[in-house]
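Structural overview
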Amino acid sequence: MTRLARMTRHYAYGLDIGDLDVVVVDDSKPMQAILRSTLLSFRVRRVRTFDTAETALEMMRLDPPNFVITDWRMKPTSGLALLRTLRQRKMAPLCFLPVVVCTAHGTRTLIDRVLRDGAQHVVAKPLSPSGLYDRLMWTLRDGRQLVMGDDGRYVIEGVADTLDEKARKWQQIGIEREIVAPKSGARRDLAATAQKKDAGAARNGFATVRPKRPQPAA
């Protein structure tokens with residue numbers, strides 16, 4: 001049995017967009033149609049759509065793709081649960097696939113969880129073709145390593161540290177707000193401003209966490 005690498009790039013790294021074999025998982029038929037049409041307009045090699053995570057996993061085991069786009073809010077298995085399943089080492093070679101999660105509920109907490117569990121991106125709905133294209137192209141150049149955690153799942157190297165640092169900054173901002181705006185009314189105004197900033201960032205597809213630009217391979 002071949003020993004799995006503890007550190008590797010995702011399987012679509014360095015490919016041309018025309019080489020992509022994309023699996024789309026979404027329980028909405030209209031959204032499936034939108035994603036299929038949009039991806040085909042980018043001239044990807046193949047697009048397969050599935051209503052459930054279970055069906056998608058069954059077919060991916062038989063015929064692995066090299067890119068996955070999944071909705072977050074699905075039943076009975078969510079997109080987050082699908083991501084966590086894919087990242088298990090026992091799912092090789094599927095554990096090395098790049099995964100983009102789509103959601104209309106892009107809260108900072110959700111995005112934090114999804115990125116910590118190994119997604120390359122979180123994209124906000126409604127999707128824009130140009131935004132999706134940018135995310136795909138960025139991912140193809142994303143040379144960050146997938147590393148195996150203590151739980152036997154692969155995650156993206158450095159993401160947890162980046163998120164922890166952002167959380168510390170948000171905590172510090174919260175402390176400063178309490179000092180500068182001790183009155184409850186002022187605190188509400190500052191909180192509302194912060195929520196508007198989060199919502200605007202989420203509409204751009206990254207919320208408060210945006211990966212660093214990939215550097216050219218040496």
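Above this text you will find the structure in question.
**Thoughts on the overall build of the protein chain**
Scanning the protein chain from terminus to terminus reveals seven helices and eight strands. Within the span of the protein chain, comprising 218 residues, buried residues form 43% of the whole. Here the contacts in the protein chain between residues at least 6 apart in sequence split such that 72% fall between residues at least 24 apart. When the accessible surface of the protein chain is totalled, it reaches about 12,000 Å², and 53% of it is carbon and sulfur.

**Observations concerning the pattern of salt bridges**
Overall, the coordinates contain 13 salt bridges when judged by the stated rule. Across the salt bridge formed by K125 and D26, the nearest N and O atoms sit 3.3 Å from each other. Of the two residues, K125 is situated in the loop between β6 (121–124) and α5 (129–140) and D26 in the loop between β2 (21–25) and α1 (29–41); the sequence distance between them amounts to 99 residues. Between R46 and D63 there is a salt bridge whose closest N-O contact spans 2.8 Å. Placement of R46 in strand β3 (residues 46–50) and of D63 in the loop between α2 (53–62) and β4 (67–71) is noted, with a sequence separation of 17 residues between them. Bridged by salt links that share partners, the residues D21, R46, R48 and D63 form one connected network.

**Observations concerning the packing of aromatic side chains**
Applying the stated criterion across every chain, the model contains three aromatic pairs. Between Y11 and F96 the ring centres are 5.3 Å apart and the planes differ by 50 degrees, which places this aromatic pair in the tilted class. Pair noted here: Y11 is in the loop between β1 (7–8) and β2 and F96 is in the loop between α3 (79–86) and β5 (99–103), with a separation of 85 residues, a long-range link. With 4.9 Å between their ring centres and 65 degrees between their planes, F96 and Y154 make a pair best called edge-to-face. Of this pair, F96 sits in the loop between α3 and β5 while Y154 sits in strand β8 (residues 154–156), and the two are 58 residues apart along the sequence. An aromatic cluster is built from Y11, F96 and Y154, whose rings are joined through pairwise contacts.

What counts and how
- Every chain is numbered on its own, with residues counted from 1 as its sequence reads.
- Local features in this predicted model are restricted to residues whose pLDDT is 70 or higher, and side-chain atom pairs enter the listing and the counts only when it is 80 or higher, whereas totals over whole chains, interfaces and linings include all residues.
- Based on all heavy atoms of the structure, the side-chain values leave hydrogens and waters out of the count.
- By the criteria applied, helices consist of DSSP H or I runs no shorter than four residues and strands consist of E runs no shorter than two, each listed in order from the N terminus.
- Per-residue accessibility, obtained with a 1.4 Å probe over protein chains only, is compared with the maximum for each type, and a residue is labelled buried under 20%, exposed over 50%, and partly exposed between these values.
- Contact between two residues is taken to exist if any of their heavy atoms lie within 4.5 Å; hydrogens are not considered.
- Using a 1.4 Å probe, the Shrake-Rupley method yields the accessible areas, and only the shown protein chains count as cover for residues.
- By convention in these notes, a salt bridge is any Lys or Arg side-chain nitrogen within 4 Å of a carboxyl oxygen on Asp or Glu.
- The pairing test for Phe, Tyr and Trp rings, Trp by its six-membered ring, is centres within 6.5 Å, and the orientation test on the planes gives stacked under 30 degrees, edge-to-face over 60, and tilted for anything in between.

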